[in-house]
Amino acid sequence: MNWLNEVQLFRRGLEQSKEALNQASFSKPEIKECEEIKGYYASIKEVGEGLKATEERILCSLNNGKMFWRGPYENLYSGETVRNDGNELFDLMKSNYNLLIELQRSINRFLSASALI
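Here's a quick rundown of the structure. Given the structure is predicted, the values throughout are model-derived calculations rather than measurements. (Residues numbered from 1 in each chain as written. Predicted model: local features only at pLDDT ≥ 70, side-chain atom pairs only at ≥ 80, totals over all residues. Heavy atoms only, no water.)

Section: the side chain of threonine 54
Then step 1. Tracing the backbone shows threonine 54 in helix H3 (residues 35–60).
Then step 2. Filtering out sequence-adjacent residues up to four positions away, threonine 54 remains in contact with Leu92, Met93 and Asn96. (Helix = DSSP H or I, 4+ residues; strand = E, 2+ residues; numbered from the N terminus. Contact = heavy atoms within 4.5 Å.)

This is the structure in structure tokens:
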């Protein structure tokens, strides 16, 4: 369930990035027409769809509150095929995190450069 919380935190980060782009567009109307800012909006949408797919995958791996991947104390039921799910979920979360961080860095660089103009 902690990963579901992380997905929500990632979504908040996306919304904050989108809000920063919106504020920059309102303060400088010439930025709104920039192709780069349109690309950022498309990237935000793409990362959001990836988060949705990850959240669905996490929810599919839950059954009546019991996890099918190994817990920190290795006392939860899991079969051989389920251990691969845990790695898959971890890889999905890691991928989402990396995409979000890179997108936010790129947006911050763009907004910092446009503030100097």
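Considerations on the pattern of salt bridges
Then step 1. If you walk through the whole model with that rule in mind, you get four salt bridges.
Then step 2. Residue glutamate 55 pairs with arginine 11 through a salt bridge whose shortest N-O separation is 3.0 Å. Placement of the pair is glutamate 55 in helix H3 and arginine 11 in helix H1 (residues 2–27), with a sequence separation of 44 residues.
Then step 3. Look at glutamate 55 and you get buried, because its relative accessible area is 18%.
Then step 4. Judged by its relative accessible area of 24%, arginine 11 falls in the partly exposed class.
Then step 5. A salt bridge links glutamate 35 to lysine 38, with the shortest nitrogen-to-oxygen separation between them at 3.8 Å. You can see glutamate 35 and its partner lysine 38 sitting in helix H3, three residues apart, about one turn around the helix.
Then step 6. Here glutamate 35 falls in the exposed class, since its relative accessible area comes to 59%. (Salt bridge = Lys/Arg side-chain N within 4 Å of Asp/Glu carboxyl O. Buried < 20%, exposed > 50% of the residue type's maximum accessible area, 1.4 Å probe, protein only.)

Re the nonpolar core
Then step 1. Formed by 21 residues in total, the largest nonpolar core has its most connected members in Leu14, Leu21, Leu103 and Ile107.
Then step 2. Looking at this core, the elements with two or more residues in it are H1, H3 and helix H4 (80–116).
Then step 3. For this core, the element with the most residues is H4, which contributes seven residues. (Core = buried A, V, L, I, M, F, W, Y, C linked by side-chain atoms within 4.5 Å.)

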